[in-house]
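Observations on chain architecture
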Amino acid sequence: MEVRVLLFASYADAFGAQNIAVDLREGATVKDLLAKVRELAAGHSLPPAPLIAVNQEYAAPGAVIRAGDEVALIPPVAGG
Amino acid sequence: MIRTAIVTRPIDASALIAEVASDTHGATSLFLGTVRDVNDGRAVTGMEYTAYDAMASRELAKIAGEAAEKFDDVMLVVEHRTGALALGDVSVAIAAAHAHRGHALDATRFVIEQLKKRVPIWKREHYVDGTREWIDPTTSHSANPTALDMQQAVR
């Protein structure tokens, strides 16, 4: 399945895009997604354990991603 | 009464105070975050805030809900602004009213601390020399949680 991954701020700059498409097998987890993203040219710029949100909630590495989920890579937050 | 919002217009702090005011809540606490002129020794000319709007709205509402549980009967309004801000502009405002001052003060503190840890908002500073940079609190300050802390927290 193909999953769209939203990018923001420094990550959007690093990847030169607001989102990227990642191909995942059924049953893939957040950790699997991250491994795929790291294979991309800009993937090496990610920190060791970047935050990922699935359907607008922070997700643990073991969380399963399903087709149609809204997935986002969240750079270190800096509000306030 | 609880209201939270990510806004693109200027924040009117007095409107927030008026919103939480009531005869039964005699203590009102206001926190304002403003754009400051120096960060890590570099002269700043302005700040650009961007957010994952849908998630930021949800996360902010969640934090306010947690505050309402912790500080029973608190009146709370939180606004965070995004877009281009100038020096001195208000980026975030939190107004909390309660029957007792302790809860009013603690509620504002709780909201700003949680907001800084959890709400997906980012800021890019513009410097006097024309350069600009995304702020990464995990590298410039040690008080913020690492991504690992966050992922452990959601397990």
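Please read all numbers here as calculations on a predicted model, not as lab measurements.

Let us now look at the interface of chain A and chain B. Across the contact, 22 residues belong to chain A and 29 residues belong to chain B. Taken together, the elements giving at least two residues each to the side of chain A that touches chain B come down to helix H1 (9–15), strand S3 (51–54) and strand S5 (71–74) of chain A. Considered class by class, the residues forming the side of chain A that touches chain B number 18 nonpolar, four polar and no charged.

So, on to the confidence of the model for chain B. Overall, the prediction assigns chain B a mean pLDDT of 92, with 90% of residues at 70 or greater. Per-residue pLDDT stays below 50 along residues 141–146 of chain B; that stretch engages in six contacts with residues further than four places along the chain or on separate chains.

This part is about unusual backbone geometry. With the exception of glycine, most residues fall at negative phi, and the peptide bonds are largely trans. Residues and elements named next belong to chain A. Its identity is not glycine, yet asparagine 55 carries a phi of approximately 50 degrees, on the positive side. The topology assignment puts asparagine 55 in the loop between S3 and strand S4 (57–58). Even without being a glycine, glutamine 56 presents a positive backbone phi close to 65 degrees. Note on placement: glutamine 56 falls in the loop between S3 and S4. For glutamine 56, a count of 16 C-beta atoms within 10 Å corresponds to the partly exposed category.

What counts and what doesn't
Residues numbered from 1 in each chain as written. Chains lettered and ligands numbered in written order. Predicted model: local features only at pLDDT ≥ 70, side-chain atom pairs only at ≥ 80, totals over all residues. Contact = placed C-beta atoms within 7 Å. Helix = DSSP H or I, 4+ residues; strand = E, 2+ residues; numbered from the N terminus. Nonpolar A, V, L, I, M, F, W, Y, C, P; charged D, E, K, R; others polar. pLDDT = per-residue confidence, 0-100. Buried ≥ 20, exposed ≤ 12 C-beta atoms within 10 Å, placed from the backbone.

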